[in-house]
Every structure is written in structure tokens, then in C-alpha cells.
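What follows is each chain in one-letter form.
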Amino acid sequence: MPAMLIAGNWKMYKTAAETIEFCTELRPALEPLDGVEIVVCPPYTSLDEAVRVLAGSGIDVFAQSAHWAKEGAFTGEISAPMLAELGVVGSLVAHSERRQLFAETDESSARRIAGVLDAGLRVIACVGETEEEREAGETEAVLRRQVEAIRGAVEDDDVHRLTIAYEPVWAIGTGRTATPEQAEEAHALIRSLFDVPLLYGGSVKAENAAELLSQPDVDGALVGGASLEVESFAAICEAAAQAA
Ligand code: PGA
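Let me begin by describing the structure that accompanies this report. Predicted, not measured: the structure shown is a model, and the values here were computed from it.

What counts and how
- Residues numbered from 1 in each chain as written.
- Predicted model: local features only at pLDDT ≥ 70, side-chain atom pairs only at ≥ 80, totals over all residues.
- Heavy atoms only, no water.
- Phe/Tyr/Trp six-rings, centres within 6.5 Å; stacked < 30°, edge-to-face > 60°.
- Helix = DSSP H or I, 4+ residues; strand = E, 2+ residues; numbered from the N terminus.
- Buried < 20%, exposed > 50% of the residue type's maximum accessible area, 1.4 Å probe, protein only.
- Lys NZ or Arg CZ within 6 Å of the ring centre and 35° of its normal.
- Near = heavy atom within 4 Å.
- Polar contact = N/O pair within 3.5 Å; in protein donor to acceptor, adjacent residues only side chain to side chain.
- Nonpolar A, V, L, I, M, F, W, Y, C, P; charged D, E, K, R; others polar.
- Contact = heavy atoms within 4.5 Å.

Two measures describe an aromatic ring pair: the distance that separates the ring centres and the angle between the ring planes. Counting across every chain of the model gives 3 aromatic pairs. Ring plane angle 65 degrees and centroid distance 6.5 Å describe the contact between Trp68 and Phe74, whose orientation is recorded as edge-to-face. Ring plane angle 55 degrees and centroid distance 6.3 Å describe the contact between Tyr166 and Tyr200, whose orientation is recorded as tilted. Here Tyr166 is found in strand 6 (residues 162–166), whereas its partner Tyr200 is found in strand 7 (residues 198–201), with 34 residues between them in sequence. Note on accessibility: Tyr166 and Tyr200 belong to one class, buried. The residue whose ring lies beneath Lys14 is Trp10, and the NZ or CZ to ring-centre distance is 5.7 Å. Stacked on the ring of Phe194, the Lys or Arg Arg151 has its end atom at 5.2 Å from the ring centre.

Quick look at the site of the ligand now. If you check the shell around the ligand, you find 13 residues, and the closest are Lys11, His95, Glu167, Gly173 and Ser203. Interatomic distance of 2.9 Å between a backbone N/O atom of Gly224 and an oxygen atom of the ligand. Here an oxygen atom of the ligand and a backbone polar atom of Gly225 are 2.8 Å apart. A per-class count over the shell around the ligand returns 4 nonpolar, 7 polar and 2 charged.

With respect to the helices and strands, the residue Gly225 is situated in the loop between strand 8 (220–223) and helix 10 (230–243). Gly225 gets classed as exposed once you look at its relative accessible area, which sits at 57%. A sequence separation of 170 residues divides Gly225 from Ala55, and the C-alpha atoms of the two residues are 24 Å apart.

Locating Gln64 in the fold gives a position in the loop between strand 3 (59–63) and helix 3 (80–86). There is a polar contact of 2.9 Å between the side chain of Gln64 and the backbone oxygen of Cys41. When residues no more than four places from it in sequence are discounted, the contact partners of Gln64 are Asn9, Trp10, Lys11, Cys41, Pro42, Pro43, Ser91, Leu92 and Val93.

So this is what it looks like as C-alpha cells:
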């Protein structure tokens, strides 16, 4: 069983100055935690400072997205080699906010995943159904489609650098968490399609982390809102250490 992975997705929060303050506090709050890998995903403008302040702490820095090309005429985009040069070791890809608000598709997400892996970085690729899809009984079909698209983008040699996060869209930022049974059911399905480490995301908090992380196919969590405060993020990492 690999170590638990807890990743904090900061979304569009924290300036570079706020990042320095946060990471300086986070370091001592998380040492030492056995059996837990910890990742933070700051906005692009904070990556450099996060890498600098967290150097040597064991806490890894990921971006929140990356383009598939190494360089090119793609105004507003950032490539994986640009991230690697900063000391960033991976990226989220296909977060539901990218899919819903910025029109990213299974196809464009697959290209991004391939580009990031190709640059030697790690990927946390997100999947998850909307509320309407769940209510229409389409959860399984949606997850199959999304996971197959990811699988098709990953070369066998790169699989060890891929993690999938199951984030039901109706649970993100809503305070409505999937029940541990709902999470486990989705994770077991995803694992049957592609056997890689699986994170649960969607309103994970210190209070519900232990139960979610104790499910057999839940290998960690992707945390949004609760990753923005040192105390709540550290409490979730502690819960993961207990579950590891
Ligand atoms: P949340 O976000 O924890 O605030 O629900 C999770 C995510 O979007 O990754």
C-alpha cells in the first residue's frame, strides 16, 4: 500500500506574499508525519515562493493546470517544462472547474495529461459526475468515459506518476460530502478501470477526513477550502497519518 497522499488545491487564492506566510507556518505544523505525502497546489504566481519556502520539507508543490505543448502561441497558458524549471513536481489536470468554467473536455484534458507526464512531472487528474448526471443514473457512464480518456493518454512507463482524484461536482465547495459508501463505490469502479492511487475530493474537512480515508479504495484526499488554513489542512494530514 503506497503512502496516503493529501493535496491542497488553493484555486485562485493566496498572493505570493500570503503564500510565503502560509508555507512558513505549514512546515513546522506538518513535521513529522509518517506515511503521508503532502502536496500543495498554489496559483502560478505563488509557485516560485512555495517551492522556495518548502524546500527540504518533503512537502511537494504542484500547479493547478498545464498546457500540453512545450511552448508555442498559446496566450495565457503555461507549459510543463516552465513549471519543472521552477521546481514544481506535478500538476492537477481536468479539475471540474476547468471542465465547467473553461470548456476543457476529455480530449483536451488527455492532451494536457500527456504533456505533463512527458515533461517528467506527476499528474493528479480529476474526474467526477455532476448532480444532474448522478440523478439521471449516469455516474458510472460518466466515470467510465472520463477514466478511459485519461487511460488513453498515459504510456505504461508513466503510470507510476499518475494519481486520479474522484471529485463529485455536487460535493465541491458545497459542504455536501459524498458518504464514505458513495466514495468507495466510485473508487472501486475507477480502480477496476485503471489501477492507480485514488484521491477523494469534495468538501473534505478535518471532521470527515478520517471516515473517508478509512475506505479501502481511498488513498488520500484532494482538499480545496480546508487546505487554505494551516490548522484545518494539518488536521486532515494528521487524519491521513492515522489511516495510513
Ligand atoms: P472543496 O474543493 O474541498 O472546497 O470542496 C475540492 C476541490 O475542488 O478540489
